[in-house]
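Summary of the model geometry
Take a look at the letters that make up each chain.
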Amino acid sequence: MIRITLSSVAALLVSAAVTCPSVANETWVIDTQEQWQQETSEKNQIEIKEGVASPTSKTGTLRSTLKRFEQKRSAKSIGFQQSPVWQNWNSVDNIGPANLADAPVMLSLGPQNYWIFGRYGGAKKSAKKGASKSTFQPEPATLDGFDIPLMTTPFANQFDAPGGLNKGLGGYHAWQSRDMVNWVHHGPVTEGFSKWVTSAEHVDGKTYIYYDFPNDQDPHVYVDDDLTDGKPGKNMGKALNDPSHGSDSGFIRDLEGKFHVIYEDWSPINASKRSWDSPLAGHAVSDDGVSNFKILGAAVDHRTKPTGKIGTYKHPHWAKEDPENYKTNVAEYEIHEPEQEAFGDWAAISIGGQYYLFGDYDPEHGKPMSVAWFTSPSLDQPFTFCGNIGNGHPDPDIAFAEGQFYLVTQQKTDFTSPGPWVEQVETRVGVDTTGDGNVNHWSDWHVVKETYDSMPGFAKQIARTPASLDLSDLPAGFGFQFEVKITDTTSNESKPMLGKIQLTFEP
């Protein structure tokens, strides 16, 4: 269930921060509808529309015109950019520990250092080993990548570290993995009053665990310098003094190290009737992630027309959990018409500078919930809604681990993706070495693709290596031409969608 239009793809391409390799020397660029039409000499089973080339069947081919020079030139490289549309998702069984409960929160702290946070609960019978939890007797165990004492548990692929033997405190617990299959339980990281954990970040050896207090109100934060000790870190209290109701925030550090938070703003909607979500998402930034957040323009704004009328609704937790600051559970909102779509429970990630938001999607008119996703080339710009994934109330989070992306939810189904790049794109480049206007030397066909990797010092900034082919072995020539073969190899709704091709030359 994806909602994508070619016009939205084209708009994203215009603003996308992702670029093919750039050089100071001369380049041959194709990235607008006019350029695609002028620079294409032949195409088969490929549609070019609004600046995007995509296959109309499983495989399509395209040949460029011949770019000619008065003097011989040498080609350096050819690079490809696909649209930032990210439909390349595959459903999988739940990722993480079998007994992780409530909304999962993930952090990737580098290769083979993956963390997931949730409440410590029971597990389905199919996820347990032979014995029931009440009769299970733990035994010492070893696990590759862990040089600490471990004990077996009644849960498949799960082990207790010393911190995991500490008594739970009614909040979230931490599990660690080296391979996204086996999980080591390290024990509590929050307490009963701080059980509404929404997001986490990491910097300089310290983990920032954000929670709502009371539920669906201002984000608070623990700063934890040891996730393995089975104890919560230092509770720093309120991080953002949010003037609106709602929270369920997602936090991400930008490349300058500043902390950004995307949070629900319930001021335009009766959130109690819309899965506690909203068409409006606020945005704030802080240097340290703990205090002095400055509220900026909205990250997401899908409000309809305000009526000027004020309505009310009740929340079940505010006065009960924090009676000192909340004397009532009644909240006001401005009524908007017509009915609005609602989003929330935000999670963020950046790939090569292109930012993505994932969250709840509660459509209008009682349609089923799913995961919504948005994208923007900058945190300084509003995010564009692009589509949705799966079914059910997701409360999602996302992380990069083991060479792919993991989208986890509180439903029975999670999702994995190799990344926004969709397989497969093949290319070859021809050279006119004599100047007669005909190609007389072709390179071999090569598959090109983007690759991704973790970025040292960041948990949610992912490095992107553009899809390109080195052409330095080609002979010099008076003219150059390229061919592209696009094949949709996926079983999901995605397909390769080329937005830009760039061929660079030596002087």
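Residues numbered from 1 in each chain as written. Predicted model: local features only at pLDDT ≥ 70, side-chain atom pairs only at ≥ 80, totals over all residues. Heavy atoms only, no water.

**A few points about empty space enclosed by the protein**
- Counting across every chain of the model gives 2 cavities of 30 Å³ or more.
- Its volume calculated, the second largest cavity comes out at about 40 Å³.
- Looking at the second largest cavity, the residues that line it are Gln82, Ser83, Val85, Gln87, Pro420, Val422, Lys495 and Met497. (1 Å grid on protein atoms, 1.4 Å probe; cavity = no way out; pocket = protein on both sides within 12 Å on 5 of 7 lines; lining within 4 Å. Points joined across faces, edges and corners; volume = space filled by probe spheres on them.)

**Notes on the pattern of salt bridges**
- Per the counting criterion, the structure on display carries 11 salt bridges.
- Ionic pairing is found between Arg303 and Asp301, a salt bridge with its closest N-O pair at 2.7 Å.
- Taken together, the salt bridges that share partners define one network made up of Arg63, Arg428 and Glu483. (Salt bridge = Lys/Arg side-chain N within 4 Å of Asp/Glu carboxyl O.)

**A look at the side chain of His336**
- Mapped onto the elements, His336 comes out in strand S26 (residues 330-337).
- Within the structure, His336 has its side chain in polar contact with the backbone oxygen of Pro268 (distance 3.4 Å).
- Separated by 2.9 Å, the side chain of His336 and the backbone oxygen of Glu334 make a polar contact.
- Beyond its immediate sequence surroundings of up to four residues, His336 is in contact with Pro268, Arg303, Thr304, Lys305, Pro306 and Thr307. (Helix = DSSP H or I, 4+ residues; strand = E, 2+ residues; numbered from the N terminus. Polar contact = N/O pair within 3.5 Å; in protein donor to acceptor, adjacent residues only side chain to side chain. Contact = heavy atoms within 4.5 Å.)

**Some points on the side chain of Asp395**
- Note that Asp395 resides in the loop between strand S30 (384-389) and strand S31 (397-401).
- Despite its burial, Asp395 remains without a salt bridge, the nearest opposite charge being carried by Arg119 at 9.3 Å.
- The contacts of Asp395, once residues within four sequence positions are left out, are Ala103, Pro104, Asp345, Asp360, Val408, Thr409 and Gln410. (Buried < 20%, exposed > 50% of the residue type's maximum accessible area, 1.4 Å probe, protein only. Lys, Arg positive; Asp, Glu negative; His and termini not counted.)

**Examining the packing of aromatic side chains**
- Considering all chains together, one arrives at 32 aromatic pairs under this definition.
- Here the aromatic rings of Trp86 and Phe358 are separated by 5.7 Å at their centres, their planes lie at 80 degrees, and the arrangement is edge-to-face. Residue Trp86 is found in the loop between strand S7 (75-82) and strand S8 (90-93), and its partner Phe358 is found in strand S28 (residues 354-362); the two are separated by 272 residues along the sequence. Per residue, the accessibility class of Trp86 equals that of Phe358, and both read buried.
- Taking 5.6 Å as the distance between ring centres and 50 degrees as the angle between the ring planes, the aromatic pair formed by Phe343 and Phe385 counts as tilted. You can see Phe343 sitting in strand S27 (residues 342-351) and its partner Phe385 sitting in strand S30, a full 42 residues away along the chain. Like Phe343, the residue Phe385 is buried in the burial classification.
- The structure contains a cluster of three or more aromatic residues connected by ring pairs, namely Trp86, Trp89, Tyr356, Phe358, Trp373, Phe400, Phe405 and Tyr452.
- Its guanidinium or amino end placed over the ring of Trp196, Arg119 lies 5.1 Å from that ring's centre, counting from NZ or CZ.
- Arg428 extends its terminal NZ or CZ atom over the ring of Trp442, reaching a point 4.1 Å from the ring centre. (Phe/Tyr/Trp six-rings, centres within 6.5 Å; stacked < 30°, edge-to-face > 60°. Lys NZ or Arg CZ within 6 Å of the ring centre and 35° of its normal.)

**Some thoughts on the sheet that holds strand S38 (residues 461-465)**
- Strand order across the open sheet formed by 6 strands is S30-S29-S28-S27-S38-S37, with mixed pairing between neighbours. In this open sheet, the two edge strands, each paired with only one partner strand, are S30 and strand S37 (451-454). Put simply, the sheet's adjacent strands are angled 35 degrees from each other on average, direction ignored.
- For S37 and S38, the ladder comprises 4 bridges, and the chain directions are antiparallel. Residue pairing across strands places Tyr452 opposite Arg464, the latter belonging to S38. (Pairing = 2+ DSSP bridges. Axes fitted to C-alpha atoms, helices over the stretch in contact; angles between N-to-C directions.)

**Quick notes on the nonpolar core**
- Counting 47 residues, the largest nonpolar core has Phe80, Trp86 and Phe358 as the members making the most contacts within it.
- Not counting chain neighbours up to four residues away, the residues in contact with Trp86 comprise Ile349, Ile351, Tyr356, Phe358, Trp373, Ile398, Phe405, Ser417, Gly419 and Pro420. (Core = buried A, V, L, I, M, F, W, Y, C linked by side-chain atoms within 4.5 Å.)

**Section: the sheet that holds strand S12 (residues 146-152)**
- Pairing in this open sheet of 7 strands is mixed, and the strands run S9-S10-S14-S15-S13-S12-S11 from one edge to the other. At either margin of the open sheet sits one strand with a lone partner, and together these are strand S9 (100-108) and strand S11 (140-143). With strand direction ignored, the average angle separating the axes of adjacent strands in the sheet is 40 degrees.
- Sheet topology places strand S10 (residues 114-120) next to strand S14 (residues 172-177); 6 bridges connect them, and they run antiparallel. Bridge pairing in S14 links Phe117 to Ala174.

**Some details on the confidence of the model for the chain**
- Taken as a whole, the chain shows an average pLDDT of 93; of its residues, 93% reach a score of 70 or greater.
- Low pLDDT (under 50) marks residues 14-24, which in the prediction has 29 contacts with non-local residues, meaning those over four places away or in another chain. (pLDDT = per-residue confidence, 0-100.)

**So, the layout of surface pockets**
- Its boundaries defined by the atoms lining it, the second largest pocket holds a volume of some 350 Å³.
- In terms of lining, the second largest pocket is formed by 26 residues, of which the most central are Trp196, Asn215, Asp248, Asp345 and Asp395.
- Those elements that provide at least two residues to the lining of the second largest pocket are S9, strand S16 (197-203) and S27.
- In terms of residue count, S9 provides more of the lining of the second largest pocket than any other element does, 4 residues in total.
- The residue inventory of the lining of the second largest pocket, partitioned by class, reads 10 nonpolar, 7 polar and 9 charged. (Nonpolar A, V, L, I, M, F, W, Y, C, P; charged D, E, K, R; others polar.)

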